[in-house]
2 protein chains.
Amino acid sequence: MKAVLATPALIDTELPEPTPGRRDLLVRVEAVAINPVDAKVRASLCPGDPPRQLGWDAAGVVRAVGEQTKRFRPGDAVIFAGAIDRPGCHAEAVLVDERLVGHLPAGLSWAEAAAVPLTGLTAWEALFERLRLDPYGGDRGSRLLILGGGGGVGSMAIQLARRAGLTVIASASRPKSQGWVRELGADHVVDHLQPLAPQLAALGFGPVEAIANFSDTDAYWPVMAELIAPQGSIVAIVGNRTPLDLNLLKEKSVTFAWEFMFTRSRFQTADMGRQGEILDELARLLESGALRPTLRRTFTPINAANLEKAYAELASGRMVGKLALAGWG
Amino acid sequence: MKAVLATPALIDTELPEPTPGRRDLLVRVEAVAINPVDAKVRASLCPGDPPRQLGWDAAGVVRAVGEQTKRFRPGDAVIFAGAIDRPGCHAEAVLVDERLVGHLPAGLSWAEAAAVPLTGLTAWEALFERLRLDPYGGDRGSRLLILGGGGGVGSMAIQLARRAGLTVIASASRPKSQGWVRELGADHVVDHLQPLAPQLAALGFGPVEAIANFSDTDAYWPVMAELIAPQGSIVAIVGNRTPLDLNLLKEKSVTFAWEFMFTRSRFQTADMGRQGEILDELARLLESGALRPTLRRTFTPINAANLEKAYAELASGRMVGKLALAGWG
């Protein structure tokens with residue numbers, strides 16, 4: 001089968017097809033989407049390390065199943081992000097634990113569907129599990145500030161938060177990304193390159209009950225401490241570069257939560273199957289039109305040269321929404 | 001009225017009785033309990049600063065009420081911790097917003113009752129609001145590690161956690177404090193001066209779902225990161241002395257929450273009245289015997305000399321449970 005390996009240079013290669021473990025699906029990959037985690041894992045490779053198969057966002061068709069699988073059969077169309085400690089999806093056929101897999105949302109292209117799992121899971125877990133907001137309207141009217149609204153995770157989070165009835169203030173700095181987050185349903189847009197407190201005040205907002213930081217944890221640490229309401233909650237996904245002064249959150253009894261989408265698979269938690277359920281819920285929302293796909297650009301086919309182009313665009317920092325690759329040429 | 005002021009030296013003095021604001025009660029103080037916050041505020045005073053009336057734990061009788069009070073009448077016996085930005089309870093008569101006040105638990109002495117509010121509120125908020133454990137058994141069997149089990153807050157938290165059905169592993173280092181936390185109902189006792197992971201392993205425990213750190217946040221930061229379960233939660237009450245590496249909690253998607261008992265009064269939050277409700281709930285639990293008083297020693301009367309003795313005992317670090325002063329001599 002065709003595959004792309006990072007050595008760290010990306011190379012097109014041929015590999016033997018893997019064999020499913022007991023709870024695995026073997027999936028024929030039709031499209032993949034790219035994410036900052038790819039670049040992060042690639043950057044961690046040293047020359048001489050074993051080559052790594054990157055890619056944790058895919059849509060495809062089940063070809064074979066392990067003996068203990070229950071939810072899928074060969075022929076089922078699926079989406080998944082998978083597990084960071086297993087080979088990624090940059091190959092014609094990949095293995096994934098079925099508990100991490102959802103059904104393909106009807107009506108989406110392979111590329112649109114491949115752009116859903118990693119960011120959809122991250123956004124859902126961040127809002128509804130780490131921040132413990134109610135996906136079904138129980139926190140209607142609560143104010144959520146989303147830092148990094150225009151990126152992949154932000155683009156899903158804005159939509160999910162709006163649908164949950166939250167008042168969404170999303171940050172975006174360029175006109176293009178500001179337009180995009182408005183399209184996705186943000187109630188208000190602020191520019192995170194300008195001081196945020198005066199912008200929130202100008203919108204008539206005091207402190208916000210929740211902050212989802214999909215941008216830079218360190219850079220916004222003091223301003224998050226300033227903007228968060230007493231007893232409020234903050235979630236972040238980007239690791240800190242330097243130790244942080246937690247005391248800034250103490251007087252307000254603030255809660256800070258990390259969201260790392262690979263925690264469940266990495267630790268094989270008892271509730272790992274929640275990821276499959278969340279993906280199915282996201283599929284229903286996409287099928288009903290309650291969510292719109294966040295894919296913005298597709299490269300064809302899936303190969304080393306196109307992956308390099310996609311990573312270069314991601315690295316530019318000017319992307320809005322998601323970028324995918326489809327087909328094997 | 002008699003009062004004790006910190007200049008920072010403690011001095012016995014006479015002050016005019018204060019007048020209740022609209023939502024205030026004027027309470028005749030019968031007993032006060034001491035807490036680390038007293039020493040902290042006292043240590044923050046510089047010579048030349050205005051003298052400060054310390055003390056945030058009291059039991060007494062309502063003597064007068066503001067025009068907008070609803071829950072209490074003159075003659076009602078009450079307990080409260082009050083607000084850190086108002087004068088404390090080291091005076092014969094003090095003011096407190098009625099939303100922060102609970103009814104005196106029947107059957108407790110004034111001194112026993114005065115030892116309830118600050119630690120009871122802190123323990124309740126830490127477990128059931130910040131960690132979001134279910135006080136009524138919904139998290140039965142979840143493992144909670146309490147660091148600093150023998151102190152005032154730990155002594156309340158062990159009892160509340162046990163009653164909520166949690167499996168409680170409490171840390172205490174001296175034989176006296178280990179005996180005390182067992183008496184309070186801890187399922188297991190570990191010594192926090194020895195490495196914790198092997199002790200938990202010896203008890204047959206893997207990672208714990210929740211950690212309540214009532215001891216030293218910095219000192220236990222790496223070990224908490226090691227012991228906490230994926231998607232687990234940590235609450236702490238002691239401010240960090242140095243910036244901390246939050247990344248240690250990232251791979252497990254851990255949530256960290258501060259509990260500061262004065263947040264609600266300090267920011268006059270909309271749910272400030274929850275503190276009165278929690279105190280009434282604690283009173284019911286004490287009256288039914290589901291909770292036992294944590295008072296261990298009483299000085300009489302309330303004056304500068306006895307407060308100095310009580311603070312010296314607190315500063316020794318060898319206290320278990322709580323220390324109170326009663327009567328005005």
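Residues numbered from 1 in each chain as written. Chains lettered and ligands numbered in written order. Predicted model: local features only at pLDDT ≥ 70, side-chain atom pairs only at ≥ 80, totals over all residues.

(A) Focus on the overall build of chain A. The helix and strand inventory of chain A stands at 10 helices and 15 strands. Dimensions of chain A along its principal axes, counting C-alpha atoms only, are 60 × 40 × 35 Å. (Helix = DSSP H or I, 4+ residues; strand = E, 2+ residues; numbered from the N terminus.)

(B) Representation of the confidence of the model for chain A within the structure. Per-residue pLDDT for chain A averages 96, and the proportion of residues at 70 or more is 100%. For this predicted complex, the interface confidence score (ipTM) comes to 0.96, while the overall pTM stands at 0.96. (pLDDT = per-residue confidence, 0-100.)

(C) Looking closely at the pairing of strand 14 (residues 295-299) of chain B. Two strands pair when backbone bridges link them, and strand 14 of chain B and strand 15 (residues 322-326) of chain B are joined in this way by 4 bridges, in the parallel orientation. Bridging from a neighbouring strand, B:Thr298 pairs with B:Ala324 of strand 15 of chain B. (Pairing = 2+ DSSP bridges.)

(D) Spatial organisation of the relation of the copies chain A and chain B. The transformation that overlays chain A on chain B combines an axial shift of 0.0 Å with a rotation of 180°, and the residual RMSD is 0.0 Å. What we have between these two chains is a two-fold relation. Residue by residue, 100% of the interface of chain A is reproduced at the interface of chain B, so both copies engage with the same surface. (Least-squares fit on C-alpha atoms with pLDDT ≥ 70 in both. Contact = placed C-beta atoms within 7 Å.)

(E) Seen up close, unusual backbone geometry. For the bond running from A:Thr7 to A:Pro8, omega is 10°, close enough to zero to count as cis. Residue placement: A:Pro8 occurs in the loop between strand 1 (2-6) and strand 2 (10-14). Despite not being glycine, A:Gln268 has its phi angle at roughly 45°, a positive value. Structurally, A:Gln268 is set in the loop between helix 8 (263-266) and helix 9 (274-287). The phi dihedral of B:Ser253 falls on the positive side, at around 50°, and the residue is not glycine. Examined against the element boundaries, B:Ser253 turns out to sit in the loop between strand 12 (228-236) and strand 13 (255-258).

(F) Molecular detail of the pairing of strand 12 (residues 228-236) of chain A. All names here are of chain A. Burial analysis of strand 12 places 8 of its 9 residues in the buried class, the great majority of the element. Relative to strand 12, strand 11 (residues 208-213) is paired through 5 bridges, and the arrangement is parallel. Bridged to Ile211 within strand 12 is Ile234. Once the chain exits strand 11 it traverses helix 7 (residues 221-227) before rejoining the sheet at strand 12, and the crossover so formed is right-handed. Strand direction decides the pairing type here: strand 12 and strand 13 (residues 255-258), joined by 4 bridges, are parallel. Within the sheet, the bridge partner assigned to Ala236 lies in strand 13 and is Trp258. (Buried ≥ 20, exposed ≤ 12 C-beta atoms within 10 Å, placed from the backbone. Right-handed = clockwise from strand over helix to strand, strands pointing away.)

(G) Expanded view of the interface of chain A and chain B. Between chain A and chain B, the contact holds 26 residues from the first and 26 residues from the second. Residue assignment for the side of chain A that touches chain B shows that the elements contributing at least two residues are strand 12, strand 13 and helix 8 of chain A. By residue class, the composition of the side of chain A that touches chain B is 11 nonpolar, 8 polar and 7 charged. Taken together, the 3 bridges between strand 13 of chain A and strand 13 of chain B define a ladder with antiparallel strand orientation. (Nonpolar A, V, L, I, M, F, W, Y, C, P; charged D, E, K, R; others polar.)

(H) Structural view of the sheet that holds strand 10 (residues 188-190) of chain B. Spatial ordering of the open sheet is given by 10(A)-9(A)-8(A)-11(A)-12(A)-13(A)-13(B)-12(B)-11(B)-8(B)-9(B)-10(B), a layout of 12 strands whose pairing is mixed. Edge positions in the sheet fall to strand 10 (188-190) of chain A together with strand 10 of chain B, since each of these pairs with one other strand and no more. The sheet shows a mean angle of 20° between the axes of neighbouring strands, taken without regard to direction. One ladder, built from 4 bridges, connects strand 8 (residues 143-147) of chain A with strand 9 (residues 167-171) of chain A; its direction is parallel. Along strand 9 of chain A, the bridge assignment pairs A:Leu145 with A:Ile169. (Axes fitted to C-alpha atoms, helices over the stretch in contact; angles between N-to-C directions.)

(I) Structural context of the domain arrangement of chain A. Residue and element names in this part refer to chain A. Each assigned domain of chain A is listed here: domain 1 (2-116 + 267-326) and domain 2 (120-258). Each of domain 1 and domain 2 was reduced to a C-alpha centroid, and the two centroids are 27 Å apart. Across the contact, 14 residues belong to domain 1 and 12 residues belong to domain 2. When residues in the side of domain 1 that touches domain 2 are grouped by element, the largest group, 4 residues, is from helix 9. Split by residue class, the side of domain 1 that touches domain 2 holds 8 nonpolar, 4 polar and 2 charged. (Domains from an automatic or database assignment.)

(J) Here's a closer look at helix 3 (residues 117-130) of chain A. Residue and element names in this part refer to chain A. The buried count for helix 3 comes to 12 of 14 residues, which makes it a mostly enclosed element. Of the residues making up helix 3, those classed as buried are Pro117, Leu118, Thr119, Gly120, Leu121, Thr122, Ala123, Trp124, Glu125, Ala126, Leu127 and Arg130. Once helix 3 finishes, Arg132 follows within two positions and takes phi at roughly 60°, a positive value.

(K) How the structure looks around the environment of A:His192. All names here are of chain A. Residue position: His192 is located in the loop between strand 10 and helix 6 (196-202). Sequence separation between His192 and Ser171 is 21 residues, and the spatial gap between their C-alpha atoms is 5.6 Å. Among all residues touching His192, those that are not within four sequence positions of it are Leu147, Ser171, Ser173 and Ser215.

(L) Looking closely at the nonpolar core. Counting 226 residues, the largest nonpolar core has A:Ala114, A:Ala157, B:Ala114 and B:Ala157 as its most contacted members. Excluding anything up to four places from it in sequence, B:Ala114 contacts B:Ala31, B:Val32, B:Ala33, B:Asp57, B:Ala58, B:Ala59, B:Ile79 and B:Ala324. (Core = buried A, V, L, I, M, F, W, Y, C linked by C-beta atoms within 7 Å.)

(M) Layout of helix 10 (residues 304-315) of chain A. With 12 residues, helix 10 of chain A extends 16 Å between its outermost C-alpha atoms, agreeing within 8% with the 16 Å of an ideal straight helix rising 1.5 Å per residue. A:Gly317 sits one or two residues past helix 10 of chain A and shows a positive phi near 75°. (Expected span 1.5 Å × (residues − 1).)

(N) Highlighting the packing of helix 1 (residues 36-43) of chain A against helix 10 of chain A. All names here are of chain A. Interaxial distance between helix 1 and helix 10 falls to 10 Å at its minimum, and their mutual angle equals 105°. As the angle between them shows, helix 1 and helix 10 are arranged roughly perpendicular. Within the contact between the two elements, helix 1 uses Pro36, Asp38 and Ala39 and helix 10 uses Tyr311, Leu314 and Ala315. Of the residues in the contact of helix 1 with helix 10, the class split is 5 nonpolar, no polar and 1 charged. (Parallel < 35°, antiparallel > 145°, perpendicular 65-115°, else oblique.)

(O) Region of interest: the packing of helix 3 of chain A against helix 4 (residues 152-163) of chain A. Residues and elements named next belong to chain A. At a minimum axis distance of 8 Å, the contact between helix 3 and helix 4 shows a crossing angle of 50°. Relative to helix 4, the element helix 3 lies oblique. In the packing of helix 3 onto helix 4, the handedness of the crossing is right-handed. For the pair helix 3 and helix 4, contact is made by Thr119, Gly120, Thr122, Ala123, Trp124, Ala126 and Leu127 and by Gly152, Val153, Met156, Ala157, Leu160 and Ala161, respectively. Of the residues in the contact of helix 3 with helix 4, the class split is 9 nonpolar, 4 polar and no charged. (Left-handed = near helix turned anticlockwise from the far one by under 90°.)

(P) Spotlight on the environment of A:Asp12. All names here are of chain A. Relative to the helices and strands, Asp12 is located in strand 2. For the pair Asp12 and Gly185, spaced 173 residues apart in sequence, the C-alpha to C-alpha distance is 40 Å. Sequence-distant contacts of Asp12, that is, excluding residues within four places in its chain, are made with Lys2, Val4, Asn303 and Ala304.

(Q) Representation of the environment of B:Asp216. With respect to the helices, strands and loops of the structure, B:Asp216 is situated in the loop between strand 11 (208-213) and helix 7 (221-227). Given 15 C-beta atoms within 10 Å, B:Asp216 falls into the partly exposed group.

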